Each structure stands twice: as C-alpha cells, then as structure tokens.
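Structural characterization, general
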Amino acid sequence: MKQHIAHFALVVEDYDDAIDFYTQKIGFELIEDTKLSEEKRWVLVKPKGATETAILLAKAANTEQESRVGNQTGGRVFMFLYTDNFWRDYHLMIEKGVKFVREPKEEIYGTVAVFADLYGNLWDLLEPKNK
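Residues numbered from 1 in each chain as written. Predicted model: local features only at pLDDT ≥ 70, side-chain atom pairs only at ≥ 80, totals over all residues. Heavy atoms only, no water.

Per an unreviewed UniProt entry, the protein chain goes by the name VOC domain-containing protein and belongs to Emticicia aquatilis.

Turning to the nonpolar core, a few remarks are in order. In terms of nonpolar packing, the biggest core is built from 29 residues, with Tyr22, Ile26 and Leu57 touching the most fellow members. Elements with a contribution of two residues or more to this core: strand E1 (7-12), helix H1 (15-25), strand E3 (41-46), strand E4 (54-59), strand E5 (77-82), helix H3 (86-95), strand E7 (110-116) and strand E8 (122-128). For this core, the element with the most residues is H1, which contributes five residues. Excluding residues within four positions of it along the chain, Ile26 makes contact with Phe21, Leu81, Met93, Val98 and Phe115. (Core = buried A, V, L, I, M, F, W, Y, C linked by side-chain atoms within 4.5 Å. Buried < 20%, exposed > 50% of the residue type's maximum accessible area, 1.4 Å probe, protein only. Helix = DSSP H or I, 4+ residues; strand = E, 2+ residues; numbered from the N terminus. Contact = heavy atoms within 4.5 Å.)

The residue Lys46 is located in strand E3 in this model. The side chain of Lys46 is buried and forms no salt bridge, while Glu29, the nearest opposite charge, is found at 4.4 Å. Within the structure, the side chain of Lys46 is placed 2.8 Å from the backbone oxygen of Ala50, a separation counted as a polar contact. Excluding residues that lie within four positions of it along the chain, Lys46 makes contacts with Phe28, Glu29, Ile31, Thr53 and Ala54. (Lys, Arg positive; Asp, Glu negative; His and termini not counted. Salt bridge = Lys/Arg side-chain N within 4 Å of Asp/Glu carboxyl O. Polar contact = N/O pair within 3.5 Å; in protein donor to acceptor, adjacent residues only side chain to side chain.)

Before going further, it helps to spend a moment on a negative patch on the surface. On the surface, a cluster of negative charge is made up of Glu13, Asp17, Asp20 and Glu66. Tracing the backbone through its elements, the reader meets Glu13 in the loop between E1 and H1. (Patch = residues over 30% accessible without salt bridge, like charges linked within 9 Å, V, L, I, M, F, W, Y side chains within 5 Å. Areas by Shrake-Rupley, 256 points an atom, 1.4 Å probe, with all protein chains shown as cover. Charge placed at Lys NZ, Arg CZ, Asp CG, Glu CD.)

On to H3, then. Looking only at H3, the buried set comprises Phe86, Asp89, Tyr90 and Met93. End-on, the buried residues of H3 take up no more than an arc of 100°, which puts them together on one face. Elements that come into contact with the buried residues of H3 comprise H1, strand E6 (99-107), E7 and E8. (Arc of directions from axis to C-beta.)

Moving on, we come to the pattern of salt bridges. One pass over the structure, following the stated rule, counts eight salt bridges. Between Glu52 and Lys2 there is a salt bridge, and its shortest N-O distance comes to 3.1 Å. With Glu52 in the loop between E3 and E4 and Lys2 in the segment before E1, the pair connects residues that are 50 residues apart, well separated along the chain. If you follow the salt bridges from partner to partner, you end up with Asp16, Asp33 and Arg41 in one network.

Here it is in structure tokens:
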C-alpha cells in the first residue's frame, strides 16, 4: 500500500494576502485558485519542486476558525520547510521581509532557523545534514 498527504489546510484571514506572502516572500508556486462561491475559493500553494503535498489556504469562515488564524498549534513550530541550500533561502527570505524569530543554528540534524508567516504561524527553515 502506498499513501501520501495530498493537501493540508492552513486557516488564513485573506486569500490574496496569503497567496502574496507564500508566493512572493517564501517563493512557493500557486498551483490552483478556483472560485467555489462568493466567499470560498480552493487555493493551493506548494514549494517549488514539491511533488506530493500542497497547502490549502482556507479562509476562516466563522469566529472559531478566525480564532485559530496564526496559532493553529498553540505557539509550536507548525511546519517544516526543507531546503537544499539553507543560506540561499534564508538570505532571500530576509531580503523579502520574512521575519525570523530564531536565528540560524547548527544542530546535529542540520542548519535551522524559525520564521513566522504573515499571521504568526511558526515554520522551521531546515537544511538537513543528510540530504
């Protein structure tokens, strides 16, 4: 049996702001933006070169969902963006205004720094030692 995660939802305040952040600041690709209704769109972004998993940018539709925007994991690092060149991506993201909340560090598993997305969700930017 073979399985994989195709998409996971990231609750956002605004589709266009989220698309702009993920494509212009992080360098992801917009792979789909389909209008489903007046309020709802199916918006998928993924890292360049990714082949299986994409993020579904899901606009908060009620008060409970709005309360989760930017804090879907209670303040823990939420996502892990692996790269084949940490310093290239780190410097590009800094130039584009991405806020890093933990400076780069060499760990036994690789080079890592923590950044916040436009809503405050925390991400690891990580170049593993054993690529």
